[in-house]
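Inside the fold
In case you want the letters, here they are:
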Amino acid sequence: MKESMKAKGFYTIQAVDEDGCIVWERHIENTLTVISQKIRSAMLMGQANGYTFDDLDIKYIGFGTGTTPASPLDTKLQTEALRKQITKKQVISDGIVQTVVSLAPLEGNFGIQEIGVFCGPNATTEFNTGILLSRVVTSIPKNTNLTLNIVRNDVTTI
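Parameters at a glance
Residues numbered from 1 in each chain as written. Predicted model: local features only at pLDDT ≥ 70, side-chain atom pairs only at ≥ 80, totals over all residues. Heavy atoms only, no water. Pairing = 2+ DSSP bridges. Helix = DSSP H or I, 4+ residues; strand = E, 2+ residues; numbered from the N terminus. Contact = heavy atoms within 4.5 Å. Phe/Tyr/Trp six-rings, centres within 6.5 Å; stacked < 30°, edge-to-face > 60°. Lys NZ or Arg CZ within 6 Å of the ring centre and 35° of its normal. Core = buried A, V, L, I, M, F, W, Y, C linked by side-chain atoms within 4.5 Å. Buried < 20%, exposed > 50% of the residue type's maximum accessible area, 1.4 Å probe, protein only. Salt bridge = Lys/Arg side-chain N within 4 Å of Asp/Glu carboxyl O.

All right, on to the sheet that holds strand S3 (residues 31-32) then. Spatially, the five strands line up as an open sheet ordered S3-S9-S8-S4-S5, and their pairing is antiparallel. The sheet is open, and its two borders are formed by S3 and strand S5 (80-85), each paired with just one other strand. With two bridges joining them, S3 and strand S9 (residues 131-140) adopt antiparallel strand pairing. Within S9, the position partnered with Leu-32 by the bridge is Ser-134.

This part takes up the side chain of Thr-99. With respect to the helices and strands, Thr-99 occurs in strand S7 (residues 96-103). Setting aside residues no more than four positions away along its own chain, Thr-99 makes contact with Ile-58, Ile-61, Ile-86, Lys-88, Lys-89, Ile-150, Val-151 and Arg-152.

What the rule picks out here adds up to zero aromatic pairs. Lying across the ring of Trp-24, Arg-26 places its NZ or CZ 4.4 Å from the centre. In this structure, Arg-83 is placed above the aromatic ring of Phe-118, and the distance from its NZ or CZ to the ring centre is 3.9 Å.

Counting 22 residues, the largest nonpolar core has Tyr-11, Ile-13, Ile-61, Phe-63, Ile-115, Leu-148 and Ile-150 as its most contacted members. Secondary structure elements with two or more residues in this core: strand S1 (6-16), strand S2 (22-29), strand S4 (58-64), S7, strand S8 (112-119), S9 and strand S10 (147-157). Ranked by residue count, the leading element in this core is S8, at four residues. Apart from residues lying up to four places away in sequence, Ile-13 is in contact with Trp-24, Glu-25, Arg-26, Ile-28, Ile-115, Ile-140, Leu-148, Asn-149 and Ile-150. Formed by five residues, the second largest nonpolar core is a distinct cluster that contains Leu-77, Phe-118, Ala-123 and Leu-132.

Before going further, it helps to examine unusual backbone geometry. Note: most residues except glycine have negative phi, and most peptide bonds are trans. In this structure, Asn-128 is a non-glycine residue whose phi angle is positive, near 60°. Tracing the backbone through its elements, the reader meets Asn-128 in the loop between S8 and S9. Residue classification places Asn-128 among the partly exposed positions, given a relative accessible area of 44%.

What follows concerns the environment of Gln-113. Within the fold, Gln-113 resides in strand S8. Sequence separation between Gln-113 and Thr-138 is 25 residues; the distance between their C-alpha atoms is 4.9 Å.

Attention shifts here to the environment of Thr-156. In this fold, Thr-156 is placed in strand S10. Expressed as a C-alpha distance, the spacing of Thr-156 and Ala-7, which sit 149 residues apart in the sequence, is 4.4 Å.

Moving on, we get to the pattern of salt bridges. With the rule as written, the count across this model stands at six salt bridges. Across the salt bridge formed by Glu-80 and Arg-83, the nearest N and O atoms sit 2.7 Å from each other. Pair check on accessibility: Glu-80 and Arg-83 agree, each one buried. Notably, a salt bridge pairs Arg-152 with Asp-154, separated by 2.4 Å at the nearest N-O pair. This pair shows no difference in class: Arg-152 is buried, exactly as Asp-154 is. A single salt-bridge network, built from bridges that share partners, covers Asp-74, Glu-114 and Arg-135.

Spelled out as structure tokens, the structure:
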């Protein structure tokens, strides 16, 4: 019998209007980065190899305008334009960590083309800081009439 651990992440993004009605909802699977794989492998082996558990501490979600396809080798967003601290992080069931952030009507009013999750003690409000855990390229119109609720689930299965 062969066992394997798999990790993946996916987003549920809802656009909500001024009346609280859902205008649209999208489900997007993202690309995990190589550094994410290296950190997770090191932790499972009990060998830091230059990493700590804090390196996987999700802190920010970044939004940008880059359109280059996501790659496991990505270390930052192509063109980061906004970074928002997460508002909620919780374990919703065994093997699933959920991260939540919202963009209010006056935030992020541009064509969002890429989204990235930033982790670790070096992740700050400054662009290109921290460890890029995952990246997705998409096309999301955002304007002052909408609030975007972004829910990301990290799923680890055996």
